[in-house]
Amino acid sequence: MKRQLEFSFSDTGAFVAPRECEEIRVLTEAAFDTLTKRTGAGSDYTGWIDWPVDYDKEEFERILAAAERIKSDSEVLVVIGIGGSYLGARAAIEFLRHGFYNNVPAAIRKTPEIYYAGNNISGRYLAELLDVIGERDFSVNVISKSGTTTEPAIAFRVLRDRLEEKYGKAAAAKRIYATTDANKGALKTVADTEGYETFTVPDDVGGRYSVLTAVGLLPIAVSGADVRALVEGAANMRETLLKKDFDKNIAMQYAAVRNILYRKGYNTEIMVNYEPGLHYFNEWWKQLYGESEGKDQKGIFPAAVDFSTDLHSMGQFIQDGYRNLFETVVLVDESTRNMTVPTAADDSDNLNYLAGRTMDAVNKCAAEAVVAAHVDGGVPNMKVCMPAQDEYSLGQAFYFFEFACGISGYLNGVNPFNQEGVEDYKRNMFALLGKPGYEERRAELEKRCDRKK
């Protein structure tokens, strides 16, 4: 039997009393019911709850087939998307595959190099990405429900032009894979007209909850990761969490404890990892929780650090700074590779006391030491332990944090599935760029600039 992801909040004992957990228990169970019975705000976007067992099996097989085609005919895959359209896939690839994925020889990697575009508006970034691709064979997976989101739409224009210039229009179309709305939108229209193979962004799954759909699965499959095991891990976690008992439900416990801390003034949560491969998992988590909970002038601010690296930059602040922080530490029990500290004849660096120990063992001691120091310094700590650096464990982790996020949002009285605030900057940007229909807003912004002068 495969091991389960584990969660512990024992290092919050000095900050969260047992009676407080009991007091919030009823509210947490109510939030659980709101989520699972689909009775709350945004319930139209809860399709991800059952996705690991109810996913489209025919599309899943097409994803695997498309991944094999890309592996066979491309040296490079460019994933075009922003936010939830690429963060989940990047998190998975960085965690599951070689830590220097794009830099190791193809004989070690055995799959195409994978790069990301459409997650910024930097002309330099895109020009230099084209330099990296050079004259090599490449394909594009463009991910956008509408096809009109500015950042990915610009990148797609540029990369589509390069593909058509290199291969001709008809051959280029066979190298473009569009993950978009099933029936409508600019990208769907272009895909149908030009003959791109399409995959679906489900109507009832928001972008930041979409990693286990075609949005994430196609790039992850191209990397050579086992997407069946990824989905299997998520399905296992789903089965575990749908059992309501608060005392055994780790998602309810995580949501409850973080909200107890929030109500005491701990308004910033720092996700901590000790494996570089988890850096983009942190970034995925930041978007998931930031976009889901930051509403109505409420919400826990999600931040992230990579330890032990950031102990030499952020460590001082976390240890001794303003006491509004709590940490959630994500640990990996079994590393995929390891190194042993060698013995030095002169011991000039005074490290022979570590000789013969594995670096993973040293890393885990560092983690224990930091948690103890931070708790003593007034920083509550929770721990999430992934059994291994593999697909099954990652699938469990993705689903655990998604499920807990839904509960936590409802517990704090917000809709965890909308993001109206994101649209504000877009309206201003469209106005300043002269997009038709935004003339009135542009005039308002120009007057504001005149006042500042």
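Scroll up for the structure.
From a predicted model like this one, the values you see are computed outputs, not experimental measurements.

Participant: Sorry, what's going on with the packing of helix H4 (residues 87-96) against helix H13 (residues 279-293) here?
Facilitator: For any two helices packed against each other, the geometry comes down to the angle between their axes and how far apart the axes lie. With their axes 8 Å apart at the nearest point, H4 and H13 run at an angle of 155° to one another. What the angle tells us is that H4 and H13 run roughly antiparallel. Note on packing geometry: the crossing formed by H4 with H13 is left-handed. Along its contact with H4, which presents Leu87, Gly88, Arg90, Ala91 and Glu94, the element H13 presents Tyr280, Phe281, Glu283, Trp284 and Gln287. Tallied by class, the residues present in the contact of H4 with H13 amount to five nonpolar, two polar and three charged.

Participant: What is the right way to read the nonpolar core from this model?
Facilitator: In globular proteins that are soluble, nonpolar side chains generally tend to be buried together. Counting residues in hydrophobic clusters, the biggest one holds 107 residues, and the most contacted among them are Phe281, Trp284, Phe400 and Phe401. Sequence-distant contacts of phenylalanine 400, that is, excluding residues within four places in its chain, are made with Leu5, Phe7, Met237, Leu241, Ile250, Ala251, Tyr254 and Val384. Formed by 23 residues, the second largest nonpolar core is a distinct cluster that contains Val76, Ala117, Leu163 and Leu187.

Participant: Sorry if this is basic, but what is going on with the sheet that holds strand S2 (residues 76-80) here?
Facilitator: Sheet strands pair by backbone hydrogen bonding; their relative direction is either parallel or antiparallel. On the basis of which strands lie adjacent, the open sheet formed by five strands has the order S3-S2-S4-S5-S6 and parallel pairing. Unpaired on one side and paired on the other, strand S3 (113-117) and strand S6 (197-200) mark the two borders of the sheet. The mean inter-strand angle of the sheet, taken between neighbouring strand axes irrespective of direction, is 20°. Where S2 lies against S3, five bridges are found, and the strand directions are parallel. Within the sheet, the bridge partner assigned to valine 79 lies in S3 and is tyrosine 116. Along the sheet, helix H7 (residues 150-167) makes contact with S2, S3, strand S4 (138-143) and strand S5 (176-180), crossing S4 at roughly 155°.

Participant: When you look at the packing of aromatic side chains in this model, what are you seeing that I'm missing?
Facilitator: The relation between two aromatic rings is expressed through the spacing of the ring centres and the mutual angle of the planes. The full count for this structure, using the stated rule, is 27 aromatic pairs. Judged by centre distance (6.4 Å) and plane angle (85°), the ring pair of tryptophan 48 and phenylalanine 403 falls under edge-to-face. Pair noted here: tryptophan 48 is in the loop between helix H1 (18-36) and helix H2 (51-54) and phenylalanine 403 is in helix H16 (residues 391-411), with a separation of 355 residues, a long-range link. Judged on exposure class, the residue tryptophan 48 and its partner phenylalanine 403 are both buried. When the centroid spacing of 4.8 Å and the interplanar angle of 75° are considered together, the rings of tryptophan 284 and phenylalanine 398 count as edge-to-face.

Participant: Help me understand unusual backbone geometry in this model?
Facilitator: For residues other than glycine, phi is negative in most cases, and the peptide bonds are mostly trans. The amide bond that connects phenylalanine 307 to the next residue, serine 308, takes the cis arrangement and shows omega of 10°. Looking at the element boundaries, serine 308 is found in the loop between strand S8 (301-306) and helix H14 (315-320). A positive phi angle is found at arginine 38, which is not glycine, with a value near 55°. Examined against the element boundaries, arginine 38 turns out to sit in the loop between H1 and H2. Judged by its relative accessible area of 29%, arginine 38 is partly exposed. You will see that lysine 110, though not glycine, has its phi angle at about 70°, which is positive. Among the structural elements, lysine 110 can be located in the loop between helix H5 (106-109) and S3.

Participant: I keep staring at the environment of lysine 145 and nothing clicks. Help me out?
Facilitator: Mapped onto the fold, lysine 145 is located in the loop between S4 and H7. Overall, lysine 145 belongs to the partly exposed group, its relative accessible area being 32%. In terms of polar contacts, lysine 145 uses its side chain to reach the side chain of aspartate 181, at 2.8 Å.

Participant: Looking at this structure, I do not really get the pattern of salt bridges. What am I missing?
Facilitator: Charged atoms that come close allow side chains of opposite charge to pair. As enumerated under the stated definition, the model contains 36 salt bridges in all. Note that glutamate 68 is salt-bridged to lysine 71, the shortest N-O span being 3.0 Å. Of this pair, glutamate 68 and lysine 71 both sit in helix H3 (residues 57-73), separated by three residues, roughly a single helical turn. When its relative accessible area of 46% is taken as the criterion, glutamate 68 is described as partly exposed.

Conventions and cut-offs
- Residues numbered from 1 in each chain as written.
- Predicted model: local features only at pLDDT ≥ 70, side-chain atom pairs only at ≥ 80, totals over all residues.
- Heavy atoms only, no water.
- Axes fitted to C-alpha atoms, helices over the stretch in contact; angles between N-to-C directions.
- Helix = DSSP H or I, 4+ residues; strand = E, 2+ residues; numbered from the N terminus.
- Parallel < 35°, antiparallel > 145°, perpendicular 65-115°, else oblique.
- Left-handed = near helix turned anticlockwise from the far one by under 90°.
- Contact = heavy atoms within 4.5 Å.
- Nonpolar A, V, L, I, M, F, W, Y, C, P; charged D, E, K, R; others polar.
- Core = buried A, V, L, I, M, F, W, Y, C linked by side-chain atoms within 4.5 Å.
- Buried < 20%, exposed > 50% of the residue type's maximum accessible area, 1.4 Å probe, protein only.
- Pairing = 2+ DSSP bridges.
- Phe/Tyr/Trp six-rings, centres within 6.5 Å; stacked < 30°, edge-to-face > 60°.
- Polar contact = N/O pair within 3.5 Å; in protein donor to acceptor, adjacent residues only side chain to side chain.
- Salt bridge = Lys/Arg side-chain N within 4 Å of Asp/Glu carboxyl O.

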